[in-house]
Amino acid sequence: MQQEVILAMLAKEPSHGYELRARLRQALGPLGDAMNDGQVYVTLARLEKAGLATSEPSAGLRDRPDRKVYALTPEGQQRVAGWLAEVSWPRPDLAEFHLKLIAAASAGLADPLAIVDAQRRELLRRLRDAQRAALGEPDGSAAGLLLEGIVLRLQADLRWLEACERNWTPRKDHR
Amino acid sequence: MNDVGASVLRTRGLRKQYGKGEGLVRAVDDVDLEVASGETVAVMGPSGCGKSTLLHLLGGLDRPSGGELWLAGQRIDQLGERALARLRRDKIGFIFQAFHLMDELTAAENIELPALLAGRSARWARRRAVELLQRVGLADRARFLPSALSGGQRQRVAVARALVSDPQLVLADEPTGNLDSQATVEVLRLFEDLHASGQTLVIVTHDSRIAATADRLISMRDGAFVDETRLTGGSAGNLGAVAGLTEMCEREV
């Protein structure tokens, strides 16, 4: 798990691992199902080792495996501030797909339109899943907002595929 | 016909062409389509690919140049004008991009109109309109004129109207084409609901969101079907990858 994500969640207040896990679940909704809960604890241990967080045993919770309460150190605070200020954005794999179409067409290895069709099938399946999940979220849900982002991104990718389709469609003269 | 089975709509070699010789345009070119009862099928393609012409043929709004068209086991491409008009009224519901509501009639009256034209009593039509307005979430807008409704609400009235005679087939031509994203979501929910209720639906669109409500998606180019996608399967795990979640979880430093 990316360390800054867990660190930033600790900025609200010192927390148990299970509290962080529950907050992550709430923010991610159905997407959180794919997440491995153990990753939170592994990440917390790494953060402590790196001096970005400290832990104290908490009283009265002896039966819980994660009875430690974690808090940010000043170094951890600094790292969080730096992360919030950072401008990062995941890059979609447009260039690779673009070059694949060009290579397929120039070598005559495959029909670029067939590649576009296959890609579209996959994106449409994902769009259907994302949209179903988004419509299932109540208004104002944090997870719904993330799903909306996925829907919009998939729509943009599908629109680009339409442009690819137009470009690679041979001009057909009607007999 | 026995071989039709559970299919509501079926075409064999359906064609529509315009012009002659050098100027011949094959708007719909040898289309075979079979839509099962309760199925939602979306047809997508670039503008000018022939998808709207296809929808007009399927709904009996336009005549094919050749091929066969069957609705609920009845061959309809050779029906006379009057029989065809009756069939459109009783068995098919239409939803258009521009809603096509009557401006001077209220929401409820717009819904009642096709039922009255089909010979239903005023009382029957009124009851049916109330029921349908409730279904599309507009019970409190029954007396509003279309001009007092938002785009999404107008399209929901149009959907209710399409359902008034309990049609065997609903045909939708770019149902979200005139809507902003919030209104699109309203219509998406309604189409998901129609789908869940077992309504047979054919949608032609270039909006991938409404297309994604379908069971099956057909791509059309130059008047012909070129690809088909069954929109089942997949998992939320894939969505995690799209959102960058998978990568975020694997990143360590």
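Residues numbered from 1 in each chain as written. Chains lettered and ligands numbered in written order. Predicted model: local features only at pLDDT ≥ 70, side-chain atom pairs only at ≥ 80, totals over all residues.

## As for the overall build of chain A
- If you tally the helices and strands in chain A, you get seven helices and three strands.
- When the helices and strands of chain A are listed from N to C terminus, the series reads α-β-α-α-β-β-α-α-α-α.
- A compact globule built from 175 residues should have a C-alpha radius of gyration of about 16 Å, whereas chain A, at 23 Å, is more than 25% larger.
- A burial count over chain A gives 27% of its 175 residues as buried.
- Considering only intrachain contacts with a sequence separation of at least 6, the fraction spanning at least 24 residues in chain A is 59%. (Helix = DSSP H or I, 4+ residues; strand = E, 2+ residues; numbered from the N terminus. Rg over C-alpha atoms; globule rule 2.2 N^0.38 Å. Buried ≥ 20, exposed ≤ 12 C-beta atoms within 10 Å, placed from the backbone. Contact = placed C-beta atoms within 7 Å.)

## Thoughts on the domain arrangement of chain A
Residues and elements named next belong to chain A.
- Segmentation of chain A into domains returns domain 1 (3–85) and domain 2 (94–168).
- Using only C-alpha atoms to locate each centre, domain 1 and domain 2 end up separated by 34 Å.
- The interface is formed by six residues belonging to domain 1 together with seven residues belonging to domain 2.
- Here the residues of the side of domain 1 that touches domain 2 are counted per class, giving four nonpolar, two polar and no charged. (Domains from an automatic or database assignment. Nonpolar A, V, L, I, M, F, W, Y, C, P; charged D, E, K, R; others polar.)

## Observations regarding helix H4 (residues 122–135) of chain B
Residue and element names in this part refer to chain B.
- If you check H4, its first and last C-alpha atoms are 20 Å apart, about what 14 residues at 1.5 Å a residue would give, namely 20 Å.
- In this fold, the buried residues of H4 make contact with helix H3 (107–117) and helix H5 (151–162).
- The first or second residue beyond H4 is Gly-137, which carries a positive phi of 75 degrees. (Expected span 1.5 Å × (residues − 1).)

## Thoughts on the sheet that holds strand S6 (residues 92–95) of chain B
Residues and elements named next belong to chain B.
- The six strands are arranged S6-S7-S8-S3-S9-S10 in an open sheet whose pairing can be described as mixed. Looking along the sheet, the strands with just one partner apiece sit at the ends: S6 and strand S10 (224–230). Neighbour-to-neighbour, the strand axes of the sheet open up by a mean angle of 20 degrees, direction not taken into account.
- Both strand S3 (residues 40–44) and strand S9 (residues 216–221) contribute to a ladder of four bridges, which runs parallel. Considered in S9, the bridge of Ala-42 is made with Leu-217. (Pairing = 2+ DSSP bridges. Axes fitted to C-alpha atoms, helices over the stretch in contact; angles between N-to-C directions.)

## Examining the sheet that holds strand S2 (residues 53–57) of chain A
All names here are of chain A.
- Spatially, three strands are ordered S1-S3-S2 in an open sheet, and the strand pairing comes out antiparallel. In this open sheet, the two edge strands, each paired with only one partner strand, are strand S1 (15–16) and S2.
- Bridge count between S1 and strand S3 (residues 68–72): two bridges; the pairing is antiparallel. Paired with Ser-15 across the strands is Tyr-70, a residue of S3.
- Most of the contacts of helix H3 (residues 38–49) go to S2, to which it runs at about 110 degrees, and overall it touches S2 and S3.

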